[in-house]
Every structure is written in C-alpha cells, then in structure tokens.
Amino acid sequence: MDQIGVIVVDQSSKTAGVVARVRGMVHDGTLHEGDPMPSTRALAAELGVARGTVVAAYEQLDGEGWIRTRHGAVARVVASAGAFGMASVGDRGGAVVGDLPPASDPGATAMAAAAARVIDCRPGIPAVTAISQRDWRAAWRAAADAPLRNAVADPLGTSDLRAQVAAQLGLSRGFAPALDRVLLAAGTSEALSLVTEALRMHLGRAPVFAVEDPGYRTGQRAVRSAGGTVVGIPLDDDGMDLDALSAAGPVDVVLVTPTHQYPLGSVMPVVRRQRLLAWAAATGTLVVEDDYDSEFRHRGSPVPALAALDAEGVVLHVGGFSKTLDPRLRCSYVVLPAAVPAEQSAGAVAGIAEAVLATRRARGAVVAEPVQVALAHLLRTGALRRHLGRVRRDYTHRRARIAARLDGVAGLEARALNGGLHAVVVWPGPATGQEVAARMAGSGVLVSTLEEYGMTPGSTPAGIVLGYGAVTVPELDRALDALIGAVRDG
C-alpha cells in the first residue's frame, strides 16, 4: 500500500484531501476490493498530519462505503472500480464499460444486464454486514455456551432478553416498561397477527383497524389474515388525519407509525399525539404504535415513543431488530399497555393485555432461544449500541448524498429524509412510478413504487421508495443516475 503515500493533502482541508485521494484510487483501479489500508497511525506519520485527520477520513470513507473499518482489525477496501461500472480493469479481471457491446448490437441489453451488478434499493434492508464480526461471533458463542435444558421455551420469551429490551426502551425511547408487559413475536407482521387474533377472541367479532393510507401493506395483510378488517385513513403533512379518523366511524384499533410514517416519512407532532391519545381513551380504542426504525434520526432531536406519552393505558408498542440488525432474525417485541383501573378502560382497550398474553401462550414460542440469547448478549454488552452508532453515521452520509444529488434536479423532490433507511422521490408526471421502476430495473436497480403503498386510487403521487440502508455510496450514485434518467425518459 505504498501508493497511499502519494496523496497530496490540501492543507485547507486535510481530511477531504485524504478522502478524495482514496476515492480516486478506487475509481482508477489502483485500489481493489479487499486491499488492506495502512493503519491510521502509519498513514498520519507518512503524510505528516495528525492521526485524528486520518481517523476522520477513514470514518467518512467507511460511512460512504469505500472502505470498512473494524475495531482491532485492518481497514480494507470494500468498493472496486469494476463493481460500479467504472471504466477500469484491474488484475482481477471482470467486465468494464469498454468491454460491453454497443447498444445497437443484437443482445446488447441482455449482455449489459448480465455484466452489471444488480443494486437492490428496495426499502427494508439494513446494513447487516456493518456489525462488528467480533461482537457478532461473541453473541453466538454465548448462545452456544448456554446450558441445554429439558424444557419447553417460554412463549413470552426469555426473561433476560425481555429485561434487556425494557432497559433499551428506557434509554432510547423514553419509557421503561415493567418486565411483565414485554413479550416477543416473530417480526412485526406476527405481532400484528397476534394482536388481531387476541382482539377477535376478546371481542367475539372481527376487529376493525384504522390504518394509514398510504401505509404498511404487509402489516395490513397480517391483520386481514388473522381475521381483522382494515379501513384506510388519509394522511397530511403531520401523519394520520385525525378529523378523517373521527369521521370514519367506530374502529377498534388505530395502527400508526408516528415517529417516521411509513413510507412518506412524516413525524407526528406532540400536539397531534396528545389529541390521538385523548381520543383513544375517550372512545376505548387501542392505539398500536409501529416503532419500526426510530433509532435512525438524521435531523433534529430524537422523538420519544408515543407510548412514553401514554398515561391512559391505550398504547400497545411494537418494535424489533429487523432494521437495527437483520430482518432474518425474525424477532420483534410487543409492549402491552400500562395497567389502569378497570373503570377507566372500555372497548378494545379493556382486557387487551390479558387477551394478548393468553393468545401468545396459546400460539407458543416463535423465536428460537439461541436467537434470544444472542440478542440479549448484544444488548447487555453494548454491542448493539456501538453498532447503531456506526450505522447512524453511515446512513447519515447516504441521506446527505441523496439530498445533494437531487437538489436542483428539475421535477424531482426527495422526501422522508429526516430519519429511517429510505427516501421517497416524487415528480409531477407524466411517468408513473411503475414505469420509472421498470426503467430502473432495466438499468440494474431495484426500487419499490410509492403507489404500492396506497389503498385507494390517487392516495399517492407518482414516485418511488428508495432504500439506502444496504448500499454503498458508489452504488447509490448509480441508482440515482438510473432514477434521473428514468424520469427524464418519461
């Protein structure tokens, strides 16, 4: 790696100089995927700059997806010229732009598609590989070292993981529930199915859920499959329209994403939250808070959970590890409403905690105990907290990249960038979201359409939902190029 020594550092911006040079060396093929980087101390001495300058540069390069740093391990290049269609070829071979046939050649499109790397920008995929391998392996060693038991797993989940979840909520979400209010589920969809089944048995009829339109369609399907019905409620700039909710007729449950509305990204202000809770208490309506990606706030102060404001015992809180760690773990948690005197509860709220607990016990355990032990270890040792600190920085870099790339592009508007792992991009037409997504797929970029989340025709403008959790900045640039081109072609 002696070639790093040729970096010419701009004294007015030393960190930017290091970053720019490393980027350029990846672009021109000097650095390849897997190549080791010098230690921060060695490179700082070689360049005659402070070690903190190189540390800051490495952190930025890590956040942008050019290199990957690990505590106690050598930083390595994770991007390469060939992977992003750059006109360069290194000693590891691979197709490059110059090797592809002209677009007019027969079969050119198919050959180009085969040579290009497909970039999956559909929402819901976090940076799974960003977690420290040492922490990850330590968690699974803890699971392997746990004593074997001749016993049936507790349907509610292990007390250790539930206690760690309660403690984490106290630190990050503004409320610390008692252990007996916390239980586990196999993802958000299973949690919603569980609540729906509990209400159906409790009420003796199909429960009616008021849901956001546009909103979380997978959750809506889970409600329907468990015997519930859904009613779409329109949104405004602050989330669910409460006047429309009141006018919709009697409902048993309101399902909301108040911290980062999915998919539009709005944050429900505290005044509306308080109004929703007061309405729910007065009508005996259960409020289910889907707190799906609250850990990632890129602008402004963190927003407390709706459950943190709940003094009436009407909020059932749902969270999980799909966005913070890995959706394949299939582990979420449910926090039951706080107990209130029986004379103060009515409707769907009355007795809901007992009904959900009974249904959970009837369904049995759904999260394997080794998974629970590993997750508890990650929480207890602070490994999850360290991981979140790393990926927040990464996601903030990518969010800034989207904002910068689309700023000033006529007709395109980026939304939902204050938090989370996705952006919504809309345009005035004439191209539909489906048409733009199809053109982007032809360029090797996969996205979701905004129209997919709407329940009623016209509830969404033309647009796409672009996930940036699991892509590098070079991949993101290629995706944004495809998006701009696809909209202009329309």
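Residues numbered from 1 in each chain as written. Predicted model: local features only at pLDDT ≥ 70, side-chain atom pairs only at ≥ 80, totals over all residues. Heavy atoms only, no water.

Asks: Explain the sheet that holds strand S6 (residues 229-236) residue by residue, including any values.
Replies: With respect to topology, eight strands assemble into an open sheet ordered S4-S11-S10-S9-S8-S5-S6-S7, the strand pairing being mixed. Both edges of this open sheet fall to strand S4 (182-185) and strand S7 (239-240), since each of them pairs with a single strand only. The pairing of S4 with strand S11 (residues 332-335) spans four bridges and is antiparallel. Considered in S11, the bridge of Leu184 is made with Tyr333. The strands that helix H7 (residues 188-203) touches are S4, strand S5 (208-213), strand S8 (253-256), strand S9 (286-290), strand S10 (315-320) and S11; relative to S9, the one it contacts most, it runs at about 170 degrees. (Pairing = 2+ DSSP bridges. Helix = DSSP H or I, 4+ residues; strand = E, 2+ residues; numbered from the N terminus. Contact = heavy atoms within 4.5 Å. Axes fitted to C-alpha atoms, helices over the stretch in contact; angles between N-to-C directions.)

Asks: Could you give an account of the pattern of salt bridges, naming the residues involved and the relevant values?
Replies: Within this structure, the stated rule accounts for 17 salt bridges. Salt-bridge contacts for Glu413 lead to Arg415; the nearest nitrogen and oxygen are separated by 3.3 Å. Exposure remark for Glu413: the relative accessible area of 40% places this residue in the partly exposed category. Here the salt bridges do not stand alone but share partners, grouping Glu190, Glu197, Arg360 and Arg363 into one network. (Salt bridge = Lys/Arg side-chain N within 4 Å of Asp/Glu carboxyl O. Buried < 20%, exposed > 50% of the residue type's maximum accessible area, 1.4 Å probe, protein only.)

Asks: Can you break down empty space enclosed by the protein residue by residue, with the values?
Replies: By the definition in use, this model includes five cavities of 30 Å³ or more. When its volume is computed, the largest cavity comes out at roughly 120 Å³. In this structure, the largest cavity is lined by 16 residues; those nearest its centre are Gln168, Glu295, Phe321, Tyr333 and Leu384. If you list the elements that add at least two residues to the lining of the largest cavity, you get helix H6 (159-172), S10 and helix H13 (383-406). Counting residues per element, the lining of the largest cavity draws most heavily on H6, at four residues. Grouping the constituent residues of the lining of the largest cavity by class yields seven nonpolar, six polar and three charged. (1 Å grid on protein atoms, 1.4 Å probe; cavity = no way out; pocket = protein on both sides within 12 Å on 5 of 7 lines; lining within 4 Å. Points joined across faces, edges and corners; volume = space filled by probe spheres on them. Nonpolar A, V, L, I, M, F, W, Y, C, P; charged D, E, K, R; others polar.)

Asks: Tell me about the packing of aromatic side chains, residues and numbers included.
Replies: All chains considered together, the criterion is met by six aromatic pairs. Here the aromatic rings of Tyr216 and Tyr262 are separated by 6.2 Å at their centres, their planes lie at 85 degrees, and the arrangement is edge-to-face. Of this pair, Tyr216 sits in the loop between S5 and helix H8 (217-225) while Tyr262 sits in the loop between S8 and helix H10 (270-283), and the two are 46 residues apart along the sequence. Since its relative accessible area comes to 24%, Tyr216 is described here as partly exposed. Pairing Phe296 with Tyr395 gives two aromatic rings, centres 5.1 Å apart and planes at 85 degrees, and the pair type is edge-to-face. (Phe/Tyr/Trp six-rings, centres within 6.5 Å; stacked < 30°, edge-to-face > 60°.)

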